[in-house]
Amino acid sequence: MPKFMKMLVVAAAIIAFGAGMAQARDQIKIVGSSTVYPFSSYVAEELGATTKFKAPVVESTGSGGGHKLFMAGAGLDTPDFTNSSRRMKASELEKNFANGNKEITEALIGYDGIAIAQNAGNPDFSISKDELAMAVAEMVPVDGKLVKNPYKTWDQINSNLPKRKILFYGPPTSSGTRDAFGEMVLGKFAAKHKDLYAAVSPKGKAKKYEAVRQDGVYVPAGENDNLIVQKLTKDKDAFGIFGYSYLEENSDRIHGAKINGVSPEPETIANGEYPISRSLYFYIKKSHLDKVPGMREYVKLFMSDKMIGSRGLLKRIGLVPLGDELRKQVQKDVLSYKNLTMDDLKK
């Protein structure tokens, strides 16, 4: 073989080896929900501090953004885990399968309530879930017709409420919190008025009509919920929409509004009495388990009683624990890396 050909072969081998090395990783990558982010970060830091493994990199991309990154493929240039403040959708699982993620394990970690919070210096505030929907929805029923939301102050919705400007800082469309709020508040309200909403709903399904108003009353505030907290400390008119953990963490600065007469508290969230409660998850890309060091150890630590038990460390920062019986079953399923199926998502 001519000398220059040998040099080309060697160069090609070096490039191929380098590309292979670029694919190798010694640090876990986690994306997803801003609500699950504090819990995931806590576990990541604990893993880094107590084991030989590097602390995982955790990014707050929103649940929707996390699922998009997670389901992009099975290569090591994609995340190992995605956090989610809602359950994975069937359409997302289908895309995972299509892109090579054939085996995924779902981990339910606990509960959370969507808090409607305000400045702690304000008087207590109590509204119904329907009144909340009427303040936020893009279109609302007025005199038997569906119109662009005309309400500017709370007393216009209910004369017993204060004459206070309606203003919300809330999650963006990429957020699982936004998805859950849309489903549990706006979607439920639309279903009560399905004849009016059906005409403007996608595919005529009123329960799917979950659009928020676009006139400056609802301000998407990004995936950093701490920024919403900061805005509430400066603006007494405003309400913030975010996970309960941020309310608990900042209880000296902000207070939660009552919804249907119920305050967001661990007990009312766990038993479902608080009407805007939801489950929290993370998802495991099983094809990475034997390729990225520390993944199994991270899962074991996260699912331990030490973290998610009734007196677990994550409870201290706002996670509402699962009941003992359910937690034990979930721990068994996750630590055996049970595959998520389409049938599971229909339950």
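Keep in mind it's a predicted model, so treat the numbers as computed, not measured. (Residues numbered from 1 in each chain as written. Predicted model: local features only at pLDDT ≥ 70, side-chain atom pairs only at ≥ 80, totals over all residues. Heavy atoms only, no water.)

A. Expanded view of the environment of Ile317. Looking at the element boundaries, Ile317 is found in the loop between α12 (305-308) and α13 (324-335). By relative accessible area, Ile317 is classed as partly exposed at 26%. Residues Ile317 and Ala24, 293 residues apart in the sequence, show an inter-C-alpha distance of 34 Å. Not counting residues up to four positions away in its chain, the partners in contact with Ile317 are Pro38, Phe39, Tyr42, Ser245 and Glu248. (Helix = DSSP H or I, 4+ residues; strand = E, 2+ residues; numbered from the N terminus. Buried < 20%, exposed > 50% of the residue type's maximum accessible area, 1.4 Å probe, protein only. Contact = heavy atoms within 4.5 Å.)

B. Geometry of the pairing of strand β10 (residues 239-243). Counted residue by residue, β10 has five buried out of five residues, so it is predominantly covered. In this sheet, β10 lies alongside strand β8 (residues 168-170) in parallel orientation, the contact comprising two bridges. By the bridge assignment, Phe168 is partnered in β10 with Phe239. (Pairing = 2+ DSSP bridges.)

C. Focus on helix α4 (residues 90-98). Listed as buried for α4 are Glu92, Leu93 and Asn96. Down the axis of α4, the smallest arc covering the buried residues is 100 degrees, so these residues share one side. Residues of α4 that are buried sit in contact with α3 (63-70), β4 (104-119) and α14 (342-345). At the C-terminal side of α4, Gly100 shows a positive phi close to 100 degrees. (Arc of directions from axis to C-beta.)

D. Region of the structure containing the side chain of Asn250. Tracing the backbone through its elements, the reader meets Asn250 in the loop between α9 (244-249) and β11 (254-256). Among the polar contacts listed, one links the side chain of Asn250 to the side chain of Arg253, at a separation of 2.7 Å. Discounting residues that sit within four places of it in the chain, Asn250 has contacts with Asn226 and Val229. (Polar contact = N/O pair within 3.5 Å; in protein donor to acceptor, adjacent residues only side chain to side chain.)

E. Structural view of the nonpolar core. Among the nonpolar cores identified, the biggest contains 97 residues, and Ile109, Ile116, Leu132, Trp154, Phe168 and Phe242 are the most heavily contacted of them. Ranked by residue count, the leading element in this core is β4, at nine residues. Looking at which domains feed residues into this core, each of domain 1 (29-112 + 279-345) and domain 2 (113-277) supplies at least three. Setting aside chain neighbours within four positions, we find Ile116 in contact with Leu132, Phe168, Phe181, Phe239, Gly240, Ile241, His255, Gly256, Ala257, Ile259, Tyr274 and Ile276. (Core = buried A, V, L, I, M, F, W, Y, C linked by side-chain atoms within 4.5 Å. Domains from an automatic or database assignment.)

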